[in-house]
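Geometric and topological summary
If you want the building blocks of each chain, they are given just below.
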Amino acid sequence: MRCVRARGHRWSQQLGWYGESLGVHGLVLIALIVTLAGAASAATPPTLSEEEMAAAEFIYFDRCSGCHGALRKGATGPNIADEAMLKKSLSELETTIFEGTDAGMPGWGRTGELTAEESALMARFVQIPAPTPPEMGLAAMKATHKLYVPVEERPKEPEHKRNIDNYFGTILRDAGKGAIIDGDTKEIVNVLETGYAVHIFRASATGRYFYTIGRDGKVTLIDLYEEKPKVVAEARVCVDARSVDVSKYTGPKGDFNDKYAVVGCYWPPQMVILDGQTLEPLKVVSTRSSTYDTNEYHPEPRVATIVASHHAPEWVVAIKETGMVWLVDYSDLDNLTMTQIGTERFLHDGGFDSTGRYLMLAANMRDQIVVIDTKTRKFVGKFETGTKPHPGRGANWIDPEYGPVNATTHLGEGMIVVYGADPEGHPEYAWKVVREEETGGPGLFLKTHPKSDYIWTDATLSKEEGANQQICVFKKADFAAGAHCWKATDHGKIVHFEYNKAGDEVWTSVWDKQGELIIYDDKTLKEKARIKGDWMVTPTGKWNVYNTVHDIY
Ligand code: DHE
């Protein structure tokens, strides 16, 4: 068995691996069959066999690079470059990987995602220099482009009587699939091949299509007019990705609804503009640039959240590592212009206020929320919340005392923090923390609806026994009364919420191999239904078409 020290050539092979020949299970199997070498001394970089490298690179991509970065320079997780890791003992690293940390790193062994052998392998992997994954340009992207149903062959109107507005797109993460569920009847309409570990669904401006983006950089276009929704186009435009959106603007500069799609890549660090109807890749814009504060070059600024502005033909693109927010004008791709706004580092997720004007984004490693005015196209300011804010798209409601507010949960502590979000009507509270209450534990998401009396929160990251199986809700009219919590499942973890179109039902996921969706009556908080089946593998996020088109959260 040939041993290699540190030089990465495997990413290029993985490019072909992801979702294609071996599939995820094959890759994980490789990790299981590797023979581990004995412990290396802390100061000497360990050697890994080719098989070990391949397995470790895949596990790193699958579980670690999202937080630590492909080059291990750190973002939502700390810098774990080999120099620093060599100062730690292998057993210390193994324990961290297996057990997790109080700072929010999951215990991959404890949760059953990695074996003890895989944790030991990863401890050795982080002590050698990070392999550099391959670049990906337009020609490589075009080679992956598949147009299954040309635009002119698509139905002119829905081929069914179902209510598309109340469809839910649901991720089946580890199956590499997405399900379309009829929110009126709770029937499964179709299960579709999407991409490995699909991260989000986004509804198109017209609500006719869903776009999905997989962690493997595969973007799909799903036509909901078809009797059984089908993937009508797909393309691979990144090696690693998390975000996708569509052009959503009609105005003096033209009608751009569904004209373009945009994918935000984690690796290569770039954004890719595609034809919104066919997914033909059109233009690549590198995000390699300098940090907003020290003006130092960063080799891996990843694209985090992307949203479509309601005020201009622009996407608002959060560049994680540099702390820049780009306003990218898509009205003239040949003469592309963009405004670059310096905000705060390690931008992650976020959403609009209830008017669709202000965008609030978490700079989670700086414990702050930054605010962009998409109408004046300027930075409004930033403020501290708690340890690692993680709003998802956030939640908007009218507080009886403070008027329109928005809120976030936190990765690093079980706390919901509420801040004023109405600079015109309530300037004294705007972008200031006005309330905070304990949730069930460190969590990922919160959600509400204008018609709801409640705000729903998960505690997915909690390490306390059973806490991540709870749901906690807060009453808008009596927020200070604190959380009302209950245990929702005796298996898996509760993650993410979405409302139906009417705003009277809340859907949540039991994130597990035998996953379920639990549907609650939002008025009584009583369970109404459970959707399960052998196809319901690791459901995570879910999106209602109407609420996603109209940014209702
Ligand atoms: Fe996510 C949103 C990145 C882990 C489920 N996640 C986002 C967005 C980003 C992001 C940049 C915003 C997209 C947008 O709005 O355009 N997520 C990352 C990571 O880097 C991170 C921390 C680590 C990783 O390796 O991916 C991460 N995310 C997770 C998970 O572990 C979750 C629970 C399951 C999974 O798929 O791995 C998860 N992320 C989600 C969901 C959203 C999301 C459900 C969208 C929330 C919404 O309501 O729109």
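Residues numbered from 1 in each chain as written. Predicted model: local features only at pLDDT ≥ 70, side-chain atom pairs only at ≥ 80, totals over all residues. Heavy atoms only, no water.

**Notes on the packing of helix α5 (residues 90-99) against helix α6 (residues 116-125)**
Put simply, the rule is: Axis lines are fitted to C-alpha atoms, over the contacting stretch for helices. Their N-to-C directions set the angle, which ranges from 0 to 180 degrees. Helix and strand definitions follow DSSP, with helices as H or I runs of at least four residues and strands as E runs of at least two, each counted in order from the N terminus. Throughout this description, any angle smaller than 35 degrees is read as roughly parallel, any larger than 145 degrees as roughly antiparallel, any in the 65 to 115 degree range as roughly perpendicular, and the remainder as oblique. Two helices that cross are described as forming a left-handed crossing if the nearer one is turned anticlockwise from the farther one by less than a right angle, and a right-handed crossing if clockwise. Any two residues having at least one pair of non-hydrogen atoms within 4.5 Å are treated as being in contact.
Close contact between α5 and α6 brings their axes to 8 Å; oriented N to C, the two are set at 125°. Between α5 and α6, the angle falls in the class oblique. Where α5 crosses over α6, the handedness of that crossing is right-handed. In this structure, α5 contributes L90, L93, E94, I97 and F98 to the contact, and α6 contributes A116, S119, A120, M122, A123 and R124.

**Notes on the nonpolar core**
Test applied: Only buried residues count toward a nonpolar core. Its members are Ala, Val, Leu, Ile, Met, Phe, Trp, Tyr and Cys residues joined through side-chain atoms within 4.5 Å. For each residue, the accessible area found with a 1.4 Å probe, counting protein chains only, is set against the maximum for its type, and the residue is called buried under 20%, exposed over 50%, and partly exposed in between.
Counting residues in each nonpolar core, the largest one holds 39 residues, and the members touching the most others are I180, F210, V263 and L274. Excluding residues within four positions of it along the chain, V263 makes contact with I213, V219, V237, C238, A241, S243, V244, Q270, M271, V272, L274 and I306. L48, L90, L93 and L121 belong to the second largest nonpolar core, which has 20 residues in total.

**Here we look at unusual backbone geometry**
For the bond from W267 to P268, the omega torsion is -10°, close enough to zero to count as cis. One non-glycine residue, L525, adopts positive backbone phi at about 65°. Positive phi outside glycine occurs at T538, with the angle close to 45°. Structurally, T538 is set in the loop between β38 (527-532) and β39 (539-544). Residue classification places T538 among the buried residues on the basis of a relative accessible area of 3%.

**Regarding the domain arrangement of the protein**
For interface size, the figure often reported is the accessible area lost on association. Condition: Each domain's extent is set by a domain assignment, obtained either automatically or from a database. Salt bridge, as applied in this entry: a Lys or Arg side-chain nitrogen positioned within 4 Å of an Asp or Glu carboxyl oxygen. Polar contacts, as counted here, are pairs of nitrogen or oxygen atoms within 3.5 Å of one another; within protein the pair requires one atom able to donate a hydrogen and one able to accept it, and residues that are adjacent in sequence qualify only if both atoms are side-chain atoms. Residues are sorted three ways: Asp, Glu, Lys and Arg are charged, Ala, Val, Leu, Ile, Met, Phe, Trp, Tyr, Cys and Pro are nonpolar, and all the rest, Gly among them, are polar.
Each domain of the protein was delimited in the assignment, giving domain 1 (2-125) and domain 2 (370-553). Contacts between domain 1 and domain 2 engage nine residues on the former and five residues on the latter. Applying the counting criterion to the domain 1 and domain 2 interface returns zero salt bridges. There are two residue pairs in polar contact (both at pLDDT 80 or more) connecting domain 1 and domain 2. When the residues that make up the side of domain 1 that touches domain 2 are grouped by side-chain class, the tally is two nonpolar, four polar and three charged.

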